[in-house]
2 protein chains.
Amino acid sequence: MSRPSFVIDASDVIDAARVIRNAAVRTPLLENAALNALCGRRVLLKFEGAQHTGSFKFRGAYNRLARLNAAERVAGVVAWSSGNHAQGVAAAASLLAMPATIVMPADAPAIKLANTRALGAEVVTYDRHSESREEIATTLAQARGATLVPSFDDPFIIAGQGTVGLEIMEQAEVIGAPVGQILVCCGGGGLTAGIATVVKARAPDVALYSVEPEAFDDTARSLASGVREQVAPDARSICDALMAPSPGSMTFPINQALLTGGLVVSDDQVRDAMSFAFSALKLVVEPGGAVALAAMLSGLAPACEGASVVVLSGGNVDPALYAQIIQG
Amino acid sequence: MSRPSFVIDASDVIDAARVIRNAAVRTPLLENAALNALCGRRVLLKFEGAQHTGSFKFRGAYNRLARLNAAERVAGVVAWSSGNHAQGVAAAASLLAMPATIVMPADAPAIKLANTRALGAEVVTYDRHSESREEIATTLAQARGATLVPSFDDPFIIAGQGTVGLEIMEQAEVIGAPVGQILVCCGGGGLTAGIATVVKARAPDVALYSVEPEAFDDTARSLASGVREQVAPDARSICDALMAPSPGSMTFPINQALLTGGLVVSDDQVRDAMSFAFSALKLVVEPGGAVALAAMLSGLAPACEGASVVVLSGGNVDPALYAQIIQG
């Protein structure tokens, strides 16, 4: 079997880091004694809630939009998203002074709809169970001559998300904690693919795990079967940020080649992880952003030499849901 | 008038930083674009929720307990506290393998009582409105030959809390943000006094403000009158961490000499600040830990050249209260 050729390599992530440097937040890599004691190992937390718009998505969006030429910038961008990508694209477009239109599910968390509008984007809603967001977005983009910005299947998006991995390796080195493994939430697979690309190039021995909610375990099943599996049409989860219907056509070959394995957590494990982040870490983490922590707290991460890194990918959660979860 | 002689100077804070270095967390100094835009200035957030036990109190407690000799360590320590100092002392005692007894109000937040016990300390409760915690603690300490660990009126406690200020100056320099002012919550005044001691020695032009809840504005009134004013016996506030009845005898002379002024916020402004920290910063901040942010968001901080630093001093808040606050 010939080695697959990927859409990006580590140099693209390093380029992305240069492009986003003055726009994105270099988020902190945190450590907590209670978490270490509970897990019986050294755990480092990459806190992407501190990123602009409260999730890692700004990184890829800014890296993509910053590459558009003058004519493309005037025509603007169109994206579809359950919320975090929407906010990332809206914020990047705002910083780069271009118009943005976002196609969002009508039942997306209210905070994500409101925040996207507050960032200056036009929001077009659709019914997640009966309409195709791809069709709506594609039609809009064609009508306006605008550029479609996919949420994961795009080389610049993947490379931008990969800057999370670059920062992890740099920050872990500064504190003298060699990285043994990294646990990363996985929807379409852009964040895992970007992180894997740069981390494996720098430290081939680091183990990388995707983490998904039970009902959206398409990447775990695809890694096992070798083909891109689909999510069941009636799948439900509290992890609204991880609802991609299947692994991406660009991201999956990368993840298939570079990931060590795919872990799966229940919604209850996610709730427990969010409560732990509230009570012990004092960090607000949204359901989709808590799956990697849930895997770590549930003992699903294999033993390893070196520190275990958990990516807390975002913190955009409706107050009512959050209130319910932290009160058990 | 002769210059008052203080119980500590900047070298004591530098000593404390050396003593706590391998035990305490160097907490992050964060920045948020939405906050900067809202305040029309550069705001840096010192996030002490990431400290052991979820507040800055571990710093002073560890610095105090680490100075005890072998015989004193065997006899152990006694402290009184509404909660955060209790947890800080309990965690420091646990790390240094000495027994700790904590006198806590029976109506302290359940999470603080539970956490203190979980850290291995013996908890003795009292009625905050009818009993004297000082008497109970002093009697206990005498009976056991144990060392009393005050929550603010102690040179090692003040110096330990001052390490927050040392880290702020170092971290702000690394990111190229000269500090113009620092806003710090104030109960008994140990944190403000420690920060002021080291910051004013390094950068005399930095303006320092204590921030208090309306009903517990004793430091603001004392700074204005020049004498240590008392809190009204029937005072109430959601800021359970800031309920000291008057400025400390050791801390007030320092604060009087070094603070620029005292700011005061309402409980509603504190609630709004906690909600903002949840929705925009993705940080869990307790009421007493949010007063400085409340002052900043309410426009109470005077204009200044350089960055405004806001200390978020802790994140230990009961889930039920937090749920109520973030849902407005």
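For the structure, see preceding data.
Structure report, in brief. (Residues numbered from 1 in each chain as written. Chains lettered and ligands numbered in written order. Predicted model: local features only at pLDDT ≥ 70, side-chain atom pairs only at ≥ 80, totals over all residues. Heavy atoms only, no water.)

### Notes on the overall build of chain A
From N to C terminus, chain A includes 14 helices and 10 strands. In terms of overall size, chain A behaves like a compact globule, its C-alpha atoms giving a radius of gyration of 18 Å where 328 residues would be expected to give roughly 20 Å. Seen along its three principal axes, the alpha-carbon backbone of chain A occupies a region of about 55 × 45 × 40 Å. Looking at chain A residue by residue over its 328 residues, the buried ones come to 61%. Sequence separation of at least 24 residues holds for 73% of the intrachain contacts in chain A that already meet a minimum separation of 6. Accessible surface computed for chain A: about 11,900 Å², of which carbon and sulfur atoms make up 51%. For chain A, the distance from the average position of its 24 positive side-chain charges to the average position of its 31 negative side-chain charges is 6 Å. (Helix = DSSP H or I, 4+ residues; strand = E, 2+ residues; numbered from the N terminus. Rg over C-alpha atoms; globule rule 2.2 N^0.38 Å. Buried < 20%, exposed > 50% of the residue type's maximum accessible area, 1.4 Å probe, protein only. Contact = heavy atoms within 4.5 Å. Areas by Shrake-Rupley, 256 points an atom, 1.4 Å probe, with all protein chains shown as cover. Lys, Arg positive; Asp, Glu negative; His and termini not counted. Charge placed at Lys NZ, Arg CZ, Asp CG, Glu CD.)

### Here's the deal with helix α8 (residues 155-174) of chain B
All names here are of chain B. Taking 1.5 Å of rise per residue, the 20 residues of α8 would be expected to cover 28 Å, and the 29 Å separating its terminal C-alpha atoms lies within 8% of that figure. In terms of burial, α8 is largely enclosed, as 15 of its 20 residues are buried. Within two residues after α8, G176 carries a phi angle of roughly 70°, on the positive side. (Expected span 1.5 Å × (residues − 1).)

### Looking at unusual backbone geometry
Glycine aside, residues mostly have negative phi, and peptide bonds are mostly found in the trans state. The phi torsion at T53 of chain A lies on the positive side, around 70°, for a residue other than glycine. Here T53 of chain A shows up in the loop between β2 (43-47) and α3 (57-65). Notably, K282 of chain B is not glycine yet its phi reads approximately 65°, a positive angle. Topologically, K282 of chain B is positioned in the loop between α12 (267-281) and α13 (291-297). When its relative accessible area of 1% is taken as the criterion, K282 of chain B is described as buried.

### Focus: the packing of helix α5 (residues 84-95) of chain B against helix α6 (residues 110-118) of chain B
Residue and element names in this part refer to chain B. At a minimum axis distance of 9 Å, the contact between α5 and α6 shows a crossing angle of 10°. When the interaxial angle is binned, α5 and α6 end up roughly parallel. Across from N84, A86, Q87 and A90 in α5, the residues of α6 making contact are K112, N115 and T116. For the contact of α5 with α6, the per-class residue count stands at two nonpolar, four polar and one charged. (Axes fitted to C-alpha atoms, helices over the stretch in contact; angles between N-to-C directions. Parallel < 35°, antiparallel > 145°, perpendicular 65-115°, else oblique. Nonpolar A, V, L, I, M, F, W, Y, C, P; charged D, E, K, R; others polar.)

### Concerning the interface of chain B and chain A
The extent of an interface is frequently quoted as the accessible surface area lost upon association of the parts. Taken together, the contacts link 21 residues of chain B with 21 residues of chain A. Approximately 1,900 Å² of surface area, both sides summed, lies buried where chain B meets chain A, with 71% of it carried by carbon and sulfur atoms. The largest per-residue losses of area from chain B upon contact with chain A belong to F278, K282 and V284 of chain B, which jointly make up 33% of the total buried on that side. Where chain B packs against chain A, one counts zero salt bridges. At the boundary of chain B and chain A, one finds six residue pairs in polar contact (both at pLDDT 80 or more). (Buried area = accessible area lost by both parts, 1.4 Å probe. Salt bridge = Lys/Arg side-chain N within 4 Å of Asp/Glu carboxyl O. Polar contact = N/O pair within 3.5 Å; in protein donor to acceptor, adjacent residues only side chain to side chain.)

### Focus: the relation of the copies chain B and chain A
For the pair chain B and chain A, the superposition axis carries a translation of 0.0 Å, the fit reaches an RMSD of 0.0 Å, and the rotation angle comes to 180°. On this basis, the relationship between the two copies can be described by a two-fold rotation axis. Here 100% of the contact residues of chain B are again contact residues in chain A; the copies associate through an equivalent surface. (Least-squares fit on C-alpha atoms with pLDDT ≥ 70 in both.)

### Let's talk about the packing of aromatic side chains
Per the stated rule, a full pass over the model turns up seven aromatic pairs over all chains. Centre to centre, the rings of F58 of chain A and Y62 of chain A are 5.5 Å apart; their planes meet at 35°, and the pair counts as tilted. Residue F58 of chain A and its partner Y62 of chain A are located together in helix α3, separated by four residues, close to a single helical turn. Among the aromatic residues, those joined into a ring-pair cluster are F278 and Y322 of chain A together with F278 and Y322 of chain B. (Phe/Tyr/Trp six-rings, centres within 6.5 Å; stacked < 30°, edge-to-face > 60°.)

### Points about the pairing of strand β4 (residues 100-105) of chain B
Residues and elements named next belong to chain B. Where burial is concerned, most of β4 is hidden: six out of the six residues are buried. Residues A100, I102 and M104 of β4 are buried on one face, and the alternating residues T101, V103 and P105, pointing to the opposite face, are buried as well. Where strand β3 (residues 77-80) lies against β4, four bridges are found, and the strand directions are parallel. Along β4, the bridge assignment pairs V78 with T101. Note that the unit made of β3, α5 and β4 has a crossover that is right-handed. (Pairing = 2+ DSSP bridges. Right-handed = clockwise from strand over helix to strand, strands pointing away.)

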